[in-house]
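Listed below are the residues making up each chain.
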Amino acid sequence: MAREYLQEIGISNTQFAITKHTDKAHLHVHLIANMVNNDARSIKDNHIGLRGKKAAQKLTLKHGLIVAERKNLALTHQEALDQSEANRYKIYTAIMESLPKCRNLEELEARLKTYGIEVLYKFKGQTQERQGISFRLEKDVFKGSKVDRNFSLGNLEKTLSQGQRQNPIQVIEATNPIRLSGRGVPNASNPASQLAQELENILLQSTGNLLSDLMKPEYVPQGVNPDLLREARKKKKRKKLR
C-alpha cells in the first residue's frame, strides 16, 4: 500500500524506505524517498500535499480503510508529545469545546481566553478586513489551519454562521425556555411563550396552505386535451416574459 501511495503522488524510479510502526494503538508507516531519481533527475514536488491527500482518499476507499473525519484524541498519546505539539492539541480541544456555545468570533475569542489562549488576526493591508486567524498559547503560535483545517478563518466563520441559522422558535426557546400549561396552551404570564406560539401558528398555517395547494388536483375542463392546455399555458407565460 505504501508503494501504491508513492506511485500515486508521482514518486517512482528512485530510492525509498518504508518503516512500519506497531508501538502505538494505531498502525502506521513512515516513508522516506530520494527526490532525485535513478536517472539523476529531480522529482517534482509541487502541490505534493494536495496530491498526497487525494492519494490517501483513493487508497482508503480501495482498501476499505476507516476514513478519519476528525482527530481522534483517544488514539493520541499526548504524554509523548513535545511541549509545542501538546499546546497545539490543547488549542484544538479548547476550540472544539467552545464552538457549539458561540455565535460569532468575538464570543469564541472570549471563551478561549478562559483557557489562556489568545486569538490573533491577520488584516488586509491597513484595513480592518480580517484575512487570517492564529491562536497563541504560552510561547506557541499556530495558524488556525495548522491546528485543524476546519479552524481557518473562513471555515470558522462558516461554522459560526450556520449555528445562527435556526428556526425563530428555536432561538426564542434557547434564550427564554417556554413552559406550556394545559393542552398546548402557552403560559400567559410569559410574553416569549405567547410570541413563540404565534410564530408557530403562522408557520404551521402557511405550511399547511402550501401543502394543500400542492395536493389539489389540476382542473381540466371536459373535452379539452391536457397536452394542448399545457402548451397554451406555456405560450401565455412566454408572452408575459416579453
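Structural data are supplied above this passage.
Residues numbered from 1 in each chain as written. Predicted model: local features only at pLDDT ≥ 70, side-chain atom pairs only at ≥ 80, totals over all residues. Heavy atoms only, no water.

What exactly am I supposed to notice about the sheet that holds strand 5 (residues 140-143) here?
Within a sheet, neighbouring strands are paired by backbone hydrogen bonds and run either parallel or antiparallel to one another. Reading across the sheet, the three strands line up as 3-4-5 and stay open at both edges, with antiparallel pairing between neighbours. Each edge of the open sheet is held by one strand with a lone partner, namely strand 3 (117-123) and strand 5. Going from strand to strand, the sheet's axes swing by 30° on average, the running direction of each strand aside. Sheet topology note: the strand 3/strand 4 (residues 130-137) ladder contains seven bridges and is antiparallel. Each residue of the ladder has a partner; that of Glu 118, found in strand 4, is Arg 136. Sheet contacts for helix 3 (residues 83-98): strand 3, strand 4 and strand 5; angle to strand 5, the most-contacted strand, approximately 55°. Sitting on the sheet, helix 4 (residues 105-113) is in contact with strand 3 and strand 4, with an inclination near 145° to strand 3. (Pairing = 2+ DSSP bridges. Helix = DSSP H or I, 4+ residues; strand = E, 2+ residues; numbered from the N terminus. Axes fitted to C-alpha atoms, helices over the stretch in contact; angles between N-to-C directions. Contact = heavy atoms within 4.5 Å.)

Looking at this structure, I do not really get the pattern of salt bridges. What am I missing?
Two side chains that carry opposite charge are able to pair once their charged atoms sit near each other. All told, the structure shown has six salt bridges when counted by the stated rule. The shortest N-O distance in the salt bridge between Glu 4 and Lys 62 comes to 2.5 Å. Here Lys 62 lies in helix 2 (residues 48-62) and Glu 4 lies in helix 1 (residues 2-8), a separation of 58 residues in the sequence. Salt-bridge contacts for Glu 106 lead to Arg 130; the nearest nitrogen and oxygen are separated by 2.9 Å. Here the residue Glu 106 occupies a position in helix 4, and Arg 130 occupies one in strand 4, the gap between them amounting to 24 residues. (Salt bridge = Lys/Arg side-chain N within 4 Å of Asp/Glu carboxyl O.)

What is the right way to read the side chain of Arg 88 from this model?
Residue position: Arg 88 is located in helix 3. Within the structure, Arg 88 has its side chain in polar contact with the side chain of Glu 85 (distance 2.8 Å). (Polar contact = N/O pair within 3.5 Å; in protein donor to acceptor, adjacent residues only side chain to side chain.)

How do you make sense of the pairing of strand 4 when you look at a structure like this?
Two faces make up the sheet, and in a regular strand the side chains alternate between them. Linking two consecutive strands that pair antiparallel, namely strand 3 and strand 4, is a turn of six residues; a positive phi of about 55° is found at Gly 125 within it. Sheet analysis places strand 4 next to strand 5, joined by four bridges and oriented antiparallel. For Leu 137, the partnering residue across the bridge sits in strand 5 and is Asp 140. The antiparallel pairing of strand 4 with strand 5 creates a hairpin that spans two residues between the two strands, and Glu 138 there sits at a positive phi of about 60°.

Would you explain the nonpolar core in this entry?
Most often, soluble globular proteins have nonpolar side chains that are buried together. Ile 91, Leu 105, Leu 112, Ile 133, Phe 135 and Leu 156 are the most contacted members of the largest nonpolar core, which has 21 residues in total. For this core, the element with the most residues is helix 3, which contributes four residues. Excluding its chain neighbours within four sequence positions, the residues that come into contact with Ile 91 are Ile 117, Phe 135, Leu 137, Phe 142 and Val 147. Within the second largest apolar cluster, five residues are counted, among which are Leu 6, Ile 9, Ile 11 and Ile 43. (Core = buried A, V, L, I, M, F, W, Y, C linked by side-chain atoms within 4.5 Å. Buried < 20%, exposed > 50% of the residue type's maximum accessible area, 1.4 Å probe, protein only.)

Could you clarify how one ought to interpret unusual backbone geometry in this entry?
The general pattern is negative phi for most residues beyond glycine and trans for most peptide bonds. One non-glycine residue, Asn 13, adopts positive backbone phi at about 55°. Along the chain, Asn 13 turns up in the loop between helix 1 and strand 1 (16-21). Here Asn 13 falls in the partly exposed class, since its relative accessible area comes to 38%. Not every positive phi belongs to a glycine, and His 47 is a case in point at roughly 55°. The exposure class assigned to His 47 is exposed, which follows from its relative accessible area of 60%.

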